[in-house]
Amino acid sequence: APAPVLAARGVGRSYGRRLALAPTDLELHAGEVVGLVGPNGAGKSTLLALLAGALPPTTGDVASGTPEPRVGWAPQRPAQYGHLSARENLELFARLQGVDDPVGQAQGLIDLLALPERRSTQLSVGNQQRLNLALALLGDPDVLLLDEPTASLDPASRTSLWAIVARLRARSGTTVFATHAVEEVERFATRAVVLLDGQVRFDGKPSDVEAALPEPAIT
């Protein structure tokens, strides 16, 4: 079997006595679209932050394949500078990441996601989420980690998002998205992972995900 592009090996996270994520194994392979499902507090955001390298694990580690993949992460709370415009945010983060042609990359993502020219604080919640996605797409990542990416998006923006995920998959990139929407997993994921109480309870076909969820099913 091909080596995973990213692998969590016994990775876990505690905050004092509170367990946010029990030691978890998860291998991500090229061309996969993995849907992470589970109720609030199940550990989805924690797992994504650990995979992104944004949070140090309390136990275990996250290993990268060779060559090391570029990872783009869109957390649930937009990480952007409020006093800067979408363009200025994109150019700044592109420079911080050492991306080639920051101005061109910023323009391309503004066009792709139809981002308005306003300060970040003046953007609607949906536009802030689109800017968050644009920041994750800087530098053409091999792995895209998305936390509740469609929560505030209008239908047209959702369509754009899934088209981006499809394009990434077509060039053997990998996407992991956390969601409450089982139908998104069934429709767009190639693999489903269910987290409950900080533990992986199911890892398999998206068509089987409903049966793996507690009653009442999450909608």
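Residues numbered from 1 in each chain as written. Predicted model: local features only at pLDDT ≥ 70, side-chain atom pairs only at ≥ 80, totals over all residues. Heavy atoms only, no water.

### Side note on the overall build of the protein
Looking only at helices and strands, the protein features seven helices and nine strands. A compact globule built from 219 residues would reach a C-alpha radius of gyration of about 17 Å, and the protein, at 17 Å, matches this within 12%. For the protein, the C-alpha atoms occupy an extent of roughly 45 × 40 × 35 Å along the three principal directions. Summing over all exposed atoms, the protein offers an accessible surface of approximately 10,600 Å²; the carbon and sulfur share of this is 50%. Charge-centre separation for the protein: the mean point of 20 positive side chains lies 4 Å from the mean point of 24 negative side chains. (Helix = DSSP H or I, 4+ residues; strand = E, 2+ residues; numbered from the N terminus. Rg over C-alpha atoms; globule rule 2.2 N^0.38 Å. Areas by Shrake-Rupley, 256 points an atom, 1.4 Å probe, with all protein chains shown as cover. Lys, Arg positive; Asp, Glu negative; His and termini not counted. Charge placed at Lys NZ, Arg CZ, Asp CG, Glu CD.)

### Structural notes on the pairing of strand β8 (residues 191-196)
Each regular strand displays side chains that alternate between the two surfaces of the sheet. With six of six residues buried, β8 is to be regarded as a mostly interior element. Here β8 shows a buried face lined by R191, V193 and L195 and a second buried face lined by A192, V194 and L196. Note that strand β3 (residues 33-37) and β8 share four bridges and pair parallel. Residue pairing across strands places L36 opposite V193, the latter belonging to β8. Relative to strand β9 (residues 199-204), β8 is paired through five bridges, and the arrangement is antiparallel. Paired with V194 across the two strands is F202, which belongs to β9. (Buried < 20%, exposed > 50% of the residue type's maximum accessible area, 1.4 Å probe, protein only. Pairing = 2+ DSSP bridges.)

### Remarks on helix α5 (residues 155-170)
Along its 16 residues, α5 runs 23 Å from first to last C-alpha, staying within 8% of the 22 Å computed at 1.5 Å per residue. Buried residues of α5: S157, L161, W162, I164, V165 and L168, and no others. Along the axis of α5, the buried positions cluster into a sector of 150°, meaning they face one direction only. Summarising the geometry of α5, the exposed residues directed more than 90 degrees from the buried face are P155, A156, T159 and A170. Buried residues in α5 make contact with β3, α3 (102-113), α4 (125-137), β6 (143-147), β7 (174-179) and α6 (182-188). Looking at the residues trailing α5, positive phi occurs at S172, about 65°. (Expected span 1.5 Å × (residues − 1). Arc of directions from axis to C-beta. Contact = heavy atoms within 4.5 Å.)

### Thoughts on the pairing of β3
Among the five residues that make up β3, five are buried, leaving the element largely enclosed by the rest of the structure. Residues V33, G35 and V37 point to one face of β3 and V34 and L36 to the other, with burial holding for every one of them. Here β3 runs beside β7; their pairing, made up of five bridges, is parallel. If you follow V34 over to β7, its bridge partner there is V176.

### Some thoughts on the sheet that holds strand β2 (residues 18-28)
Ordered in space as β2-β1-β4, the three strands form an open sheet in which the pairing is antiparallel. Pairing within the sheet leaves two strands with one partner each, and these edge strands are β2 and β4 (59-64). Across this sheet, the average inter-strand angle for adjacent strands is 15°, counted without regard to direction. Sheet analysis places strand β1 (residues 6-15) next to β4, joined by five bridges and oriented antiparallel. The residue bridging A7 from the neighbouring strand is A63, located in β4. (Axes fitted to C-alpha atoms, helices over the stretch in contact; angles between N-to-C directions.)

### Re the sheet that holds β9
Two strands in a sheet stick together by hydrogen bonds in their backbones, pointing the same way (parallel) or opposite ways (antiparallel). The strand order β5-β6-β7-β3-β8-β9 describes an open sheet built from six strands, whose pairing is mixed. The open sheet has two edge strands, β5 (71-74) and β9, and neither has a second partner. Averaged over all neighbouring strand pairs, the angle between strand axes comes to 15°, with direction disregarded. Relative to β6, helix α1 (residues 44-52) is tilted by about 150°, and along the sheet it contacts β3, β5, β6, β7 and β8. Contacting β5 and β6, α4 crosses the sheet at an angle of about 165° to β5.

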